[in-house]
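# Remarks on the overall topology
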Amino acid sequence: MNLLNLNTEDRAIFAKTLATLIGDHKMNPNEVFLNVLESTEAPDMNYWMSLVLLEEHGVDGQQVLDKDAAGEDVKPLQAACLLQNLGTVAALLEKQAYQGSVVDREFQLAARIASKHEDQALLGVLMKYAQERNELEWMMKALQGTRLQ
């Protein structure tokens, strides 16, 4: 899908870097993913690193990272939106790392977080993803019908 329209030839550089970190230096892929999730590097780096970790190194895009103040699970898509990590959000969307559809809780929570931050880039990627799935109208109706917290 390549939501950010990045040059696919760049993937090889990041795949090689991760192969070295995980293979040669024996770093845990999940720990590397958490570092990428928290990264403030350029979106393309976070995108390729996240995508390669999800596709080639067995990282689960649905893993529970923590609990929020209300005791609800925090998953990578919501965490990436909270951290305003555009690249990781795009990679997680492309891997459909959420349960349900664009009108269900996990996706809508991510959209509400992006909306609350007034992050146009994140909202744009979420909307582009929904549009490519022919679900943009549903997503927007659900988002407008939900009170922001």
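Before any of the text, the structure's been laid out above.
Everything in this summary refers to the structure shown in the same document. Being a predicted model, the structure only gives us computed values, none of them experimental. Per chain, residue numbering runs from 1 following the sequence as it is written. Totals for whole chains, interfaces and linings use all residues, but because this is a predicted model, local features are given only for residues with pLDDT of at least 70 and pairs of side-chain atoms are given and counted only at 80 or more. To obtain the side-chain values, all non-hydrogen atoms of the structure were used and water was disregarded.

## Quick word on unusual backbone geometry
The backbone phi angle of K26 is positive, close to 55 degrees, even though this residue is not glycine. Every helix listed is a DSSP run of H or I at least four residues long, and every strand listed is a run of E at least two residues long, numbered separately from the N terminus. Among the secondary structure elements, K26 is positioned in the loop between helix 1 (11–24) and helix 2 (29–37). Think of it in three bands: residues with accessible area under 20% of the maximum for their type are buried, residues over 50% are exposed, and the middle band is partly exposed, with areas taken using a 1.4 Å probe on protein chains only. Residue class for K26 comes out exposed when judged on its relative accessible area of 68%. Although it is not a glycine, N134 sits at a positive phi angle of roughly 60 degrees. Its relative accessible area of 71% is what places N134 among the exposed residues.

## Section: the nonpolar core
For the purposes of this section, nonpolar cores are sets of buried Ala, Val, Leu, Ile, Met, Phe, Trp, Tyr and Cys residues that join through side-chain atoms within 4.5 Å. In terms of nonpolar packing, the biggest core is built from 45 residues, with L53, V89, L93, F107, V125 and L126 touching the most fellow members. Of all elements in the fold, only helix 1, helix 2, helix 3 (43–56), helix 4 (76–82), helix 5 (86–94), helix 6 (105–116), helix 7 (120–132) and helix 8 (136–144) reach the threshold of two or more residues within this core. Considering each element in turn, this core owes the most residues, 7 residues, to helix 3.

## Here's the deal with helix 8
Among all positions in helix 8, only M139, A142 and L143 are buried. Along the long axis of helix 8, the arc covered by the buried residues comes to 100 degrees, so they all point the same way. Summarising the geometry of helix 8, the exposed residues directed more than 90 degrees from the buried face are E137, K141 and Q144. Directions pointing from the helix axis toward each C-beta atom define the arc.

## Brief notes about the pattern of salt bridges
One side-chain nitrogen of Lys or Arg within 4 Å of one carboxyl oxygen of Asp or Glu is enough to make a salt bridge. What the rule picks out here adds up to 8 salt bridges. In this structure, E56 and R11 form a salt bridge, with 2.9 Å as the shortest nitrogen-oxygen distance. Residue E56 is located in helix 3, and its partner R11 is located in helix 1; the two are separated by 45 residues in the primary sequence. Of the residues examined, E56 reaches a relative accessible area of 45% and is grouped as partly exposed. Of the charged contacts in the structure, one is a salt bridge between K95 and E55, with a shortest N-O distance of 3.2 Å. Of this pair, K95 sits in the loop between helix 5 and helix 6 while E55 is found in helix 3, placing the two residues 40 residues apart along the sequence. Note on K95: relative accessible area 38%, which makes it partly exposed. On the basis of relative accessibility, which here comes to 37%, the residue E55 falls in the partly exposed class.

## Quick look at the packing of helix 3 against helix 5
The axes are straight lines fitted to the C-alpha atoms, using for helices just the contacting stretch, and the angles between their N-to-C directions are given from 0 to 180°. Following both chains from N to C, one finds helix 3 and helix 5 inclined at 35 degrees, their axes separated by 7 Å at the closest point. Two packed elements cross with a definite hand, and for helix 3 against helix 5 that hand is right-handed. In contact with P43, N46, Y47, S50, L51 and L54 of helix 3, helix 5 contributes L86, G87, T88, A90, A91, L92 and E94. Helix crossings are classified by the rotation of the near helix relative to the far one: an anticlockwise turn of less than a right angle makes the crossing left-handed, while a clockwise turn makes it right-handed. Only heavy atoms enter the contact rule, under which two residues are in contact if any of them lie within 4.5 Å.

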